[in-house]
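Architecture at a glance
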Amino acid sequence: MTGSRIPLPVRAPLSAGVPLLVSLLVALGAGSAQAAGYRYWSFWESDGGEWAYATEGPATARPADGSVTGFRFSVSADSGDAAKPRGVPDFAAVCGDTAAEAGRKRVAVVVDPGTAADAPDGERPPAPRATCARVGEDATAAEALAAVAEPLRYNADALLCAISGYPASGCGEQVRDGEKQPEETAPAAPPGTTPPTTPTTAGTTAGGSRDTAAPATGAEGDHDGGPSLGLVAGVAAVAALAAAGLWRARRRRG
């Protein structure tokens with residue numbers, strides 16, 4: 001019979017599957033461990049007791065007289081693990097000396113540039129501060145921030161990149177664990193706030209309901225340090241292939 005012969009596939013010995021599985025586990029594990037998140041400013045609001053991640057961007061949020069807003073610079077994977085501004089906010093301590101004025105409102109603005117661990121290379125974060133902004137009744141949180149913390153820097157997508165010129169460059173860039181700086185040992189709290197009992201570690205767009213600098217959970221690995229769903233699925237798939245190969249080999253021998 002003429003014609004081309006179809007070559008049979010070359011099967012690796014079953015023992016070769018063990019180092020292959022180990023190599024895959026190491027590669028997947030290393031990729032998961034390296035992922036850290038994104039470096040950006042997050043936007044927070046407070047009822048005077050605790051910080052809550054803002055449900056809208058500072059360009060659309062319109063805080064009332066007596067409100068407290070906060071901005072924190074840090075590296076995080078998403079809003080679920082974003083670091084809060086350090087310290088418990090106190091409107092009276094920040095704005096107590098600023099008299100109320102008809103047609104205007106007072107907003108306590110807390111700016112926390114974060115720690116050295118989250119700072120871009122070659123930069124050191126300035127000290128956290130809290131300032132009372134007196135702005136028009138219809139002013140947004142972004143306008144209150146601009147009144148007390150210029151210069152601000154935004155990118156073409158309206159992402160808030162810098163407050164009071166910090167950081168000098170960069171905007172929402174991806175950061176991996178090995179690229180982070182050493183952590184500070186004693187975080188400070190801004191004046192006008194009560195120091196936190198335990199330190200916490202935290203993108204803010206000019207508009208929109210939430211930050212766009214951080215990816216959705218799972219996009220770059222789980223932020224809790226445990227194995228990601230992709231890692232577990234990959235291990236399960238390799239284990240299933242190895243088991244199937246073993247079963248076929250034993251069947252042929254039998």
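Preceding block: the structure.
Residues numbered from 1 in each chain as written. Predicted model: local features only at pLDDT ≥ 70, side-chain atom pairs only at ≥ 80, totals over all residues. Heavy atoms only, no water.

Right, let's get into the state of the cysteines. What the rule picks out here adds up to two disulfides. Disulfide partner of Cys-95: Cys-132, at an S-S distance of 2.1 Å. Looking down the S-S bond of the Cys-95 and Cys-132 bridge, the torsion is 110 degrees, so its handedness is right-handed. With Cys-95 in helix 2 (residues 91–95) and Cys-132 in strand 6 (residues 129–136), this residue pair connects regions lying 37 residues apart in the sequence. Take Cys-95: its relative accessible area is 0%, and that puts it in the buried class. (Disulfide = S-S within 2.5 Å. Helix = DSSP H or I, 4+ residues; strand = E, 2+ residues; numbered from the N terminus. Buried < 20%, exposed > 50% of the residue type's maximum accessible area, 1.4 Å probe, protein only.)

Quick look at the side chain of Arg-106 now. Note on placement: Arg-106 falls in strand 5 (residues 104–112). Arg-106 gets classed as buried once you look at its relative accessible area, which sits at 15%. A polar contact of 2.8 Å, which involves the side chain of Arg-106, links it to the backbone oxygen of Thr-98. Discounting residues that sit within four places of it in the chain, Arg-106 has contacts with Ala-64, Asp-65, Gly-66, Ser-67, Phe-91, Cys-95, Thr-98, Ala-99, Ala-100, Cys-132, Ala-133 and Arg-134. (Polar contact = N/O pair within 3.5 Å; in protein donor to acceptor, adjacent residues only side chain to side chain. Contact = heavy atoms within 4.5 Å.)

What follows is about helix 3 (residues 141–149). Those residues of helix 3 not exposed but buried are Ala-141, Ala-142, Ala-144, Leu-145 and Ala-149. Buried residues of helix 3 fall within an arc of 160 degrees about the axis and therefore sit on the same side. (Arc of directions from axis to C-beta.)

It is worth spelling out the pattern of salt bridges at this point. This structure, assessed with the given rule, holds seven salt bridges. Put simply, Arg-106 and Asp-65 hold a salt bridge, and the shortest N to O gap is 3.5 Å. In this pair, Arg-106 sits in strand 5 while Asp-65 sits in the loop between strand 2 (51–53) and strand 3 (67–76), placing the two residues 41 residues apart along the sequence. Accessibility expressed as a relative area gives 42% for Asp-65, which makes it partly exposed. (Salt bridge = Lys/Arg side-chain N within 4 Å of Asp/Glu carboxyl O.)

Right, let's get into unusual backbone geometry. Note the cis peptide between Glu-150 and Pro-151, where omega equals 5 degrees. A cis amide bond, omega -5 degrees, links Tyr-166 with the succeeding residue Pro-167. Within the fold, Pro-167 resides in the loop between strand 8 (160–162) and strand 9 (174–176). The phi angle at Ala-158 is positive, at roughly 65 degrees, despite the residue not being glycine. With respect to the secondary-structure elements, Ala-158 resides in the loop between strand 7 (153–154) and strand 8. For Ala-158, a relative accessible area of 30% translates into the label partly exposed. Positive phi is not limited to glycine here, since Ser-164 has a value of about 55 degrees. For Ser-164, the position within the fold is in the loop between strand 8 and strand 9. Judged by its relative accessible area of 31%, Ser-164 falls in the partly exposed class.

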